[in-house]
Structure formats: structure tokens, C-alpha cells
Amino acid sequence: MSELNAVVADAAIEFHSVVKRFLRHDRRDESFLAVDRLSFAVAPGEMIAVLGRTGCGKSTMFNLLAGLIEPTEGTVRVLGHDPFREFNWYRGKLAVVFQNDRLLPWRTALGNVELGIELLGKEEEERRAIALGWLERLGLKGHEHDYPHALSGGMRQRVSIARAFAVNPEILLCDEPFSALDELTGQRLREEYTQLVRENGKTSIFVTHSINEALQLGERILVFHRPARIALEARVAGGDREAIRQRVLEAMNPNEPRLAEEAA
Amino acid sequence: MTTPWYKLRKETVLALGGLTLAWQFASYFFPPYLFPPVPAIAQKFLAIFLDPESLANAGATAARIFAGLAVAFLLGVLLAFLMGRSERNYRYAYPLLNFIQGIPALSWVVIAIIWFKGTEPRILFIMVATTVAAFSFQILDAYRSMSKDLFEMTLSFRPSKRDLFRTLILPTIVPGMLTAWKVNLGNAARVVVVAELVGATGGIGYQLLQQQQLFDMAGALAWTLVLVVFVLIVQQVITKLEDWLLAYRPRAERST
């Protein structure tokens, strides 16, 4: 583990020498390495941005965190438990905001926000009040009874953020949720998201391929190289942002320093 | 959306009106046992609805269609889920269902007469045998078309199996189920007549046999119309149900 990670005590999230291999679809006897001895830790209430090029294993790390897949080697601990083997333990403790909004088309905006709370077994009156509160907070008052097809991309993504916050999870996982939105909407939602995470004291892991987004949403940035391993770890809070941007660019383009310079 | 019956398209009215007129025109040149006049057919058609015994015959056929489809639907749902849950189950069940689907309705009639004693078990067996495979395949297709993204999203909230079925699987397969009912209703209406022709003592098929023996073309057409009207009414009911259940879809994506 790196020096920065070594100081994280009572971590909310811990990856310890995690390896993940997948069988190849075309040649079943061969496998490819998606995650290579990945180790990091996240403190409770910390906001981490995971940055890397397409195909570097960010999504695999994300699925390991969400407990959707099992590591081949090593251990993943979220709130001290194994997210894959103790899958149901995380009901209401962990929520995910996906790249696309993934709203259920047969439910209204209100129904979609209620989904997670409903699965927690809360009474209808209580879950309605919670869902309405989150919709109002995210500027969707008046659209409670609209179906997803009647909402704009930004509004749908807001509903999906409300759905995640409504279950009041301890940990929020976000997989490039604003990448498909226009710049202005994306910027506004990033600000709203940061404010909500800070106000509610959530631990957040935000996967992105945008350096600006990582600088805005991460108190700490982890740059991944393929197969997923940490190439750079940088603390953003209190640091020189331009220097960090340059370091991140170099870490993302290790074989193309000129490209990194030009991009900077 | 389907055009409601009271807002028939101009083309529909012209096509059906043209057929009626052509039939009436032919009735002037052919004997009534070949082309009975339209008023005679209409009179017989109305008489069926005014005579309690005739209505009971129509009701018997309707009940047989519903019973057969209900049993085939339940079996189809069960088989679709077994196939959907395991690739191994699918590899065993698919060739069997495909084989069953290829057997003609008339062969099932012969098999039913040999295997079963009573009329009702025979008809029920024929109805189920001719529609179960289609129900299974249509519901399996709907189940398999479930979005992986929505499945992952729902799973991220850690639902129980019952909640997963209620919140995701059931709403996903409902459109497929309704389509399966609409398609199989037409098939069932055709098959039930064949089944009733052999051995039944009541029902539309039995009445058609009676008209054939009397050489009464007007009666045969009137009973045929009863069956067609029944199918159209039930299809309208399913379409209404579909519009209500799938109201969340943009209008252009609903039943056409």
C-alpha cells in the first residue's frame, strides 16, 4: 500500500492485493488480467476520484466494490465486510449512480426514487415523503409523476442521483454519471453532487475519465493503468491544482510526455 | 394504438362493406345453399343471441378457449422460467417444445380421442398442446430481453428474490405476456372449432357440424361470425388492458 493509504485508519473501503482475471470469450482456456494486485484504502467521509483511460479496469474495480463480481485473489472490504460474499448485508448501506440513468421506464420519477427505499421495506407514507424531499432538493418538483421518457437527460440523471441518496447509504459509488450530459448540465450536477456528499457526510468513489471532473469531485485522485493498478495517487485538497493536473496528465500518458505537455 | 371499434377507418368500412355487397350481389345469381343473401345471414346471427340454448353453445366454446389458454399460459410461464434460469434446462426443453409446436392440430385431435374418454378433457388437452409451446417461447423471449443495465441497477439495492421478481422481472415480461395472449387467442379459436367438430355435443364447432349436415350456409356463416366477433372483442379487451398497463410507454411505442 502507498504512503497515503497507509495512514487511513478504520477505512470505509479497503482493497488488499486484489487480482481479477476473466476468462476470454473466444478462448475459454485463456484468461486476461483486468486488475493487478490493487491496494488502496478510503477513509469514512472521503471523496475519491478514480481516473484512467478507457479499458484500464475502472469498471471492474467498481463492480468488485459493488459486490457484483468476486476477486480472483486478494480481499475487498467495504465497511469491514465482503461485498460479494455478504451481498445482502449492504442493503441500504451502499448505493450506486451509474453511467446511464438506468431508470425503470414503467415507474414515474417518484416511483424510481422510491425503489431503493421500497426494497428496504419502509412504509408507503414514509418512502413517499423521503422521495418527494429528494426530488424537490434536486430541482424536480412538478415532475414527480412524469415517466422517464418525458424527462430530459439531465433530469433523468438527477432522478438517479435522488434514488441513490434516498436510501441514505454510507457509501456512494458513481460510474461516470455525468459523461453523457452536455457541459453546462454536467457542471451543475457535479456541483450539486459535491454539495450533497459533503453535507451528508458520505464516503464517495467517483469513477471518471475526465481530469477536470476528478479535480472537482475528488479530495484524492487515483490514476489507474491497465491492468488496473495505481499509477499515481494525489491529494487534491489543499494542493496546487495546476501541479496536480500536470502530474495526473503525465501519469495518464507515461509514454507520451509531449502529448501530456500539449494537453496541459 | 389500435383504432377503437367505434372509430373504424374509412378503408376498413369500405373493404368490409365491399365484401358484403359482393356477397349480396352473388346471392342473386347462385342458390341460397351456396351464397345465402346477407339479410338471411344477419337474421340467423341475431337469432343466436336471442336464443338461450344457442348462447349457451357460444358460451361453452368461449369457456373452452379461456380454460385451454389459462392452463397453457401457466404451463408456458413455468417452462419459460425453467428455461430462463438454466441453459441446461433450455437445451433439453427447446427441442421438445419445438417438436410439439410442429405437430398439426388435427394430429392432436386424433391423439386426444385415443388417449381421453370425455369430451372436455379431450378439448382441454388439444388446446393446451397446440398453444403451450408458443406461450413458453414468447414469455422466454420477453424474459431474455430484460435489460442487463436495469438488472444490475436493481441488484445494487440488494433486493430479495421476491422483490426482484415484483419490481423488475414481472414488469419486463408483461408486454410479452399480453402479446402471447393476443396471438394465441386467434390460434385457440381456430383449434377449438376443429376439436369441437369431433365428438363434442355443444359449442360453435358442434353447431357448424350441424349446419353442414343441414346444408345451411347461412347458419354456418352466422356461427362463424359469432366466433370471429368473440375473438375481436377479447382482442380489444386485451388491447385496452395493454394500453392501461403500458401507459408509461410513449404513445408511438404502444400497440399498433
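Residues numbered from 1 in each chain as written. Chains lettered and ligands numbered in written order. Predicted model: local features only at pLDDT ≥ 70, side-chain atom pairs only at ≥ 80, totals over all residues. Heavy atoms only, no water.

## As for the overall build of chain A
Broken down by element type, chain A carries nine helices and nine strands. A globule of 264 residues ought to have a C-alpha radius of gyration of about 18 Å, and chain A, at 19 Å, matches this closely. Referenced to the eigenvectors of the C-alpha coordinate spread, the extents of chain A come out at roughly 55 × 40 × 40 Å. Partitioning the intrachain contacts of chain A with sequence separation of at least 6 by distance along the chain shows that 67% fall at a separation of at least 24. Working note: accessible area of chain A is about 12100 Å², and carbon and sulfur atoms make up 45% of it. Treating the 34 positive side-chain charges of chain A as one cloud and the 39 negative ones as another, the clouds have centres 3 Å apart. (Helix = DSSP H or I, 4+ residues; strand = E, 2+ residues; numbered from the N terminus. Rg over C-alpha atoms; globule rule 2.2 N^0.38 Å. Contact = heavy atoms within 4.5 Å. Areas by Shrake-Rupley, 256 points an atom, 1.4 Å probe, with all protein chains shown as cover. Lys, Arg positive; Asp, Glu negative; His and termini not counted. Charge placed at Lys NZ, Arg CZ, Asp CG, Glu CD.)

## A closer look at the interface of chain A and chain B
With 26 residues of chain A at the contact, the number on the chain B side is 21 residues. For the pair chain A and chain B, the two sides together bury roughly 2200 Å², of which 66% comes from carbon and sulfur. Contact with chain B buries surface across chain A, with R102(A), W106(A) and L119(A) losing the most and accounting together for 32% of the total. Run the count over chain A and chain B and you get three salt bridges. Of the charged contacts, one joins D149(B) and R102(A) as a salt bridge, the two residues approaching to 3.4 Å between their closest N and O atoms. Counting every contact that joins chain A to chain B gives nine residue pairs in polar contact (both at pLDDT 80 or more). At the level of elements, strand 5 (94–97) and helix 3 (109–119) of chain A are the ones that each hand at least two residues to the side of chain A that touches chain B. (Buried area = accessible area lost by both parts, 1.4 Å probe. Salt bridge = Lys/Arg side-chain N within 4 Å of Asp/Glu carboxyl O. Polar contact = N/O pair within 3.5 Å; in protein donor to acceptor, adjacent residues only side chain to side chain.)

## Considering the environment of A222(B)
Residue and element names in this part refer to chain B. Tracing the backbone shows A222 in helix 10 (residues 217–245). Looking at A222, the relative accessible area reads 0%, which means it is buried. Separated by 178 residues in the primary sequence, A222 and K44 have C-alpha atoms spaced 5.9 Å apart. Apart from residues no more than four positions distant in its own chain, A222 is found in contact with I41, K44, F45 and I48. (Buried < 20%, exposed > 50% of the residue type's maximum accessible area, 1.4 Å probe, protein only.)

## Description of the side chain of R158(B)
Residue placement: R158(B) occurs in the loop between helix 7 (148–155) and helix 8 (161–197). An unpaired buried charge is present at R158(B): no salt bridge exists, and D82(A), the closest side chain of opposite charge, is 8.4 Å distant. A polar contact is formed between the side chain of R158(B) and the backbone oxygen of F87(A), at a distance of 2.8 Å. The residues contacting R158(B), other than those within four sequence positions of it, are A66(A), G67(A), P83(A), F87(A), N88(A), Y90(A), R91(A) and L94(A).

## Notes on the packing of helix 8 of chain B against helix 10 of chain B
All names here are of chain B. Interaxial distance between helix 8 and helix 10 falls to 10 Å at its minimum, and their mutual angle equals 175°. In terms of orientation, helix 8 lies roughly antiparallel with respect to helix 10. Residues V174, L178, T179, W181, K182, L185, A189 and V193 of helix 8 lie in contact with helix 10, whose contacting residues are L227, V231, V234, Q235, I238, T239, L241, E242 and L245. Class assignment for the residues of the contact of helix 8 with helix 10 results in 12 nonpolar, three polar and two charged. (Axes fitted to C-alpha atoms, helices over the stretch in contact; angles between N-to-C directions. Parallel < 35°, antiparallel > 145°, perpendicular 65-115°, else oblique. Nonpolar A, V, L, I, M, F, W, Y, C, P; charged D, E, K, R; others polar.)

## A closer look at the sheet that holds strand 1 (residues 13–23) of chain A
All names here are of chain A. Ordered in space as 2-1-4, the three strands form an open sheet in which the pairing is antiparallel. A single partner strand is all that each edge strand has here, and the edge strands are strand 2 (31–42) and strand 4 (73–78). Each strand of the sheet is rotated relative to its neighbour by a mean of 25°, with strand direction disregarded. (Pairing = 2+ DSSP bridges.)

## Observations regarding the environment of V78(A)
All names here are of chain A. For V78, the position within the fold is in strand 4. Taking the C-alpha atoms as reference points, V78 and H225, separated by 147 residues in sequence, lie 23 Å from one another. Every residue in contact with V78, bar those within four places of it in the chain, is listed here: A12, I13, L65, P83, W89, Y90, L94 and I171.

## Things to note about the sheet that holds strand 8 (residues 220–225) of chain A
Residue and element names in this part refer to chain A. Taken in spatial order, the six strands of this open sheet run 5-6-7-3-8-9, and their pairing is mixed. On the outer flanks of this sheet lie strand 5 and strand 9 (229–235), each paired with one strand and no other. The mean inter-strand angle of the sheet, taken between neighbouring strand axes irrespective of direction, is 20°. Bridge count for strand 5 against strand 6 (residues 171–175) is four bridges, and the pairing is parallel. Looking at strand 6, one finds that V97 is bridged to C174.

## Here's the deal with the domain arrangement of chain A
Interfaces are frequently sized by the accessible area removed from exposure as the parts join. All names here are of chain A. Taken as a whole, chain A is organised into domain 1 (43–71 + 80–93 + 169–263) and domain 2 (103–168). If you average the C-alpha positions of domain 1 and of domain 2, the two centres end up 25 Å apart. Facing 18 residues of domain 1, the contacting portion of domain 2 comprises 14 residues. Interface area for domain 1 against domain 2, summed over the two sides, is near 1300 Å², with a carbon-plus-sulfur share of 68%. Looking at the side of domain 1 facing domain 2, the largest losses of area belong to P169, L189 and L196, adding up to 34% of the total buried there. For the pair domain 1 and domain 2, the interface holds two salt bridges. One salt bridge connects R137 with E199, and the closest N-O pair in it is separated by 2.5 Å. Here domain 1 and domain 2 share four residue pairs in polar contact (both at pLDDT 80 or more) between them. Ranked by residue count, the leading element in the side of domain 1 that touches domain 2 is helix 6 (residues 183–200), at nine residues. (Domains from an automatic or database assignment.)

## Notes on the pattern of salt bridges
Residue and element names in this part refer to chain A. Going through the model one piece at a time under the given rule, you end up with 29 salt bridges over all chains. D101 is the salt-bridge partner of R156, the closest N and O atoms lying 3.1 Å from each other. A residue pair is termed long-range when its members are at least 10 positions apart, and R156 in helix 5 (residues 153–166) and D101 in the loop between strand 5 and helix 3 qualify at 55 residues. Judged by relative accessible area, R156 falls into the partly exposed class, the value being 23%. With a closest N to O distance of 3.4 Å, R245 and E242 form a salt bridge. Taken together, the residues R245 and E242, both in helix 8 (residues 241–252) and three residues apart, mark about one turn of the helix. Connected through salt bridges with shared partners, the residues E46, R220, E233 and R235 form a single ionic network.

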